[in-house]
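Residues per chain are reported as follows:
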Amino acid sequence: MTQRYADGKFGEYGGQYVPEALMPAIEELADAYERYVLENEDGFMDEFRARLRDFGGRPTPTQYAERLSERHGCDVYLKREDLLHGGAHKLNNALGQALLAKYMGKERIIAETGAGQHGTATAMAAAHLDMPCEVYMGERDINRQRPNVFRMRLNGSEVTPVTIGRGTLKEAISETMRDWATNVEDTHYIIGSIVGPHPFPSMVRDFHSVISEEARRQVREQTGGLPDAVLACAGGGSNTMGTFAHFIDDTDVDLYAVEAGGSSLEVDEDAGVAPNSASLSTGDEGVLHGARTKLLQDSDGQIMESHSVSSGLDYAGVGPELAHLVDTDRVTPVNVDDEATLTAFHRASQLEGIIPALETAHAFGYLEEHGNALGDSILINVSGRGDKDLEIAIEETAEQDIDIAPDMSEFAGGL
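Residues numbered from 1 in each chain as written. Predicted model: local features only at pLDDT ≥ 70, side-chain atom pairs only at ≥ 80, totals over all residues. Heavy atoms only, no water.

An unreviewed UniProt entry lists the protein under the name Tryptophan synthase beta chain, from Haloquadratum walsbyi J07HQW2. Per its UniProt entry, the protein bears the Catalytic activity (unreviewed entry) comment "(1S,2R)-1-C-(indol-3-yl)glycerol 3-phosphate + L-serine = D-glyceraldehyde 3-phosphate + L-tryptophan + H2O". (UniProt positions renumbered as here; feature names shortened; annotations may be inferred.)

This is the structure we're talking about:
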């Protein structure tokens, strides 16, 4: 598995760029991560794995995708994180951090969310562990992900709209950090990706590494070897690093981080918008949310607003470890635009009976465009199911005029 990076630095990335008021909480969390997660003090990791099994439903299967394999002329395997409780990989980290907060004696949980899957997972974990929870969510994402907002409130969590900026994930993280700085004594902030100050990038990776731990074993059991390539969609990078972690040392396995190419890789500096979320492919080094990493910036170093058809990839940065792995040529960053993503969304649904999250559909999109050049055996992490995205998929499919999409013309009049 990948190096531990105990100092919180991944080459020139990472670190702890936070206000002085947050340093006691960061130091307390780093100590707890070392003792409970890395050293299994008081049997923390044993309880975590037991709860993942009994509450979460692990292990999730790795499925041979017969019809996708036939279409692309190679063996395609799907790690089915969409079958984890809640419908996405997010529960691994949310449950781990909520349990860690309990061990640390914290009484309240806060979190940010973009597509709503991390917020939903945190709300479920908080209810499971009997902890009050508040989730910050951008106003724009609330409108795009109403079912997940209802799910969070159904689990007893408070959902607080964030109205600053464009009302997406970047602003939600900023608002959650402000809350944490004010309430550090009794509150733990469950960051939803491998971003933020140390120890978050390493800790979130470790909680999600169960994905690649299982997948590596399952593929070997099914094939007698390892895949030629592993694909995972990349926004902040939680599912990406969880999928890659136990393959890092397998240098014969190519690792592809599939970013949101949006409508273009160009940047509109006048509007302050990058019509994509491809930080690994086009970003520059900078500091955001407590860590140095690759970011979407203008020529003056100001953070650009990102875009993706998928709320969960709509973030202007990426995890520092992932940025380091790209710089050292261990991970290859690629991107898929909105139209190809929507086409792949429909293709996977029709061929395999799996409706993927629009985040995951980016990885399927790269398979659609390059599958025959990736090797004889390909593993894709299905990071989540697409129930949450159906309204967006209907709207965007109509705008993009996707050839293979089902006819939804009867909805045109607003039935």
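There is more to say, and it comes next.
**Q** Lay out the overall build of the protein with the relevant residues and their values.
**A** Check the secondary structure of the protein and you find 16 helices and 14 strands. For 415 residues, the compact-globule formula gives about 22 Å, and the C-alpha radius of gyration of the protein, at 20 Å, lands near that figure. The principal-axis extent of the C-alpha atoms belonging to the protein is close to 55 × 50 × 45 Å. Across the protein, contacts joining residues at least 24 apart in sequence account for 74% of those joining residues at least 6 apart. Separation between the mean location of the 33 positive side-chain charges and that of the 71 negative ones in the protein comes to 5 Å. (Helix = DSSP H or I, 4+ residues; strand = E, 2+ residues; numbered from the N terminus. Rg over C-alpha atoms; globule rule 2.2 N^0.38 Å. Contact = heavy atoms within 4.5 Å. Lys, Arg positive; Asp, Glu negative; His and termini not counted. Charge placed at Lys NZ, Arg CZ, Asp CG, Glu CD.)

**Q** Break down the domain arrangement of the protein for me, with residues and values.
**A** Taken as a whole, the protein is organised into domain 1 (19–55 + 89–200) and domain 2 (62–86 + 208–400). Domain 1 and domain 2 are separated by 23 Å when their C-alpha centres are compared. Taken together, the contacts link 33 residues of domain 1 with 40 residues of domain 2. The junction of domain 1 with domain 2 conceals about 3000 Å² of combined surface from both sides, 55% of it contributed by carbon and sulfur atoms. For domain 1, the biggest contributors to the area lost against domain 2 are His89, Lys170 and Ile194; these three give 25% of the whole. Counting the contacts that link domain 1 with domain 2 gives four salt bridges. In this structure, Arg49 and Glu213 form a salt bridge, with 3.1 Å as the shortest nitrogen-oxygen distance. Where domain 1 packs against domain 2, one counts 16 residue pairs in polar contact (both at pLDDT 80 or more). Counting residues per element, the ones that place at least two in the side of domain 1 that touches domain 2 are helix 2 (44–56), helix 4 (91–104), helix 5 (117–128), helix 6 (139–144), helix 7 (146–154) and helix 8 (169–182). (Domains from an automatic or database assignment. Buried area = accessible area lost by both parts, 1.4 Å probe. Salt bridge = Lys/Arg side-chain N within 4 Å of Asp/Glu carboxyl O. Polar contact = N/O pair within 3.5 Å; in protein donor to acceptor, adjacent residues only side chain to side chain.)

**Q** So, the sheet that holds strand 6 (residues 133–138): which residues are in play, and what are the values?
**A** Spatially, four strands are ordered 7-6-5-8 in an open sheet, and the strand pairing comes out parallel. Lying at the two open borders of the sheet, with one neighbouring strand each, are strand 7 (158–162) and strand 8 (187–190). Pairwise comparison of adjacent strand axes, ignoring direction, gives a mean angle of 25° for this sheet. One ladder, built from five bridges, connects strand 6 with strand 7; its direction is parallel. Its bridge partner lying in strand 7, Val135 is registered against Val159. (Pairing = 2+ DSSP bridges. Axes fitted to C-alpha atoms, helices over the stretch in contact; angles between N-to-C directions.)

**Q** Give a description of the layout of surface pockets that names residues and reports values.
**A** Computed from the structure, the second largest pocket encloses a volume of approximately 150 Å³. Every residue lining the second largest pocket is listed: Arg49, Leu52, Arg53, Arg58, Pro59, Val210, Glu213, Glu214 and Arg217. Secondary structure elements with two or more residues in the lining of the second largest pocket: helix 2 and helix 10 (210–223). Ranked by residue count, the leading element in the lining of the second largest pocket is helix 10, at four residues. Looking at the lining of the second largest pocket residue by residue, the classes come out as three nonpolar, no polar and six charged. Looking at the lining of the second largest pocket, you find at least three residues from each of domain 1 (19–55 + 89–200) and domain 2 (62–86 + 208–400). (1 Å grid on protein atoms, 1.4 Å probe; cavity = no way out; pocket = protein on both sides within 12 Å on 5 of 7 lines; lining within 4 Å. Points joined across faces, edges and corners; volume = space filled by probe spheres on them. Nonpolar A, V, L, I, M, F, W, Y, C, P; charged D, E, K, R; others polar.)

**Q** Please give an account of the sheet that holds strand 14 (residues 377–382) that cites residues and values.
**A** The strand order 3-4-14-9-10-13 describes an open sheet built from six strands, whose pairing is mixed. Lying at the two open borders of the sheet, with one neighbouring strand each, are strand 3 (62–64) and strand 13 (331–337). This sheet shows a mean twist of 25° between the axes of neighbouring strands, independent of strand direction. Against the sheet, helix 15 (residues 358–370) contacts strand 4 (75–80), strand 9 (229–233), strand 10 (254–262), strand 13 and strand 14, and its axis sits at roughly 140° relative to strand 9.

**Q** Which residues make up the packing of helix 4 against helix 9 (residues 200–208), and what values go with them?
**A** Relative to each other, helix 4 and helix 9 sit at 115°, their axes nearing to 8 Å. Once helix 4 is placed against helix 9, the crossing between them reads as right-handed. Here Asn92, Asn93, Gly96, Gln97 and Leu100 of helix 4 lie close against helix 9, whose contacting residues are Phe200, Met203, Val204, Phe207 and His208. In terms of residue class, the contact of helix 4 with helix 9 is built from five nonpolar, five polar and no charged. (Left-handed = near helix turned anticlockwise from the far one by under 90°.)

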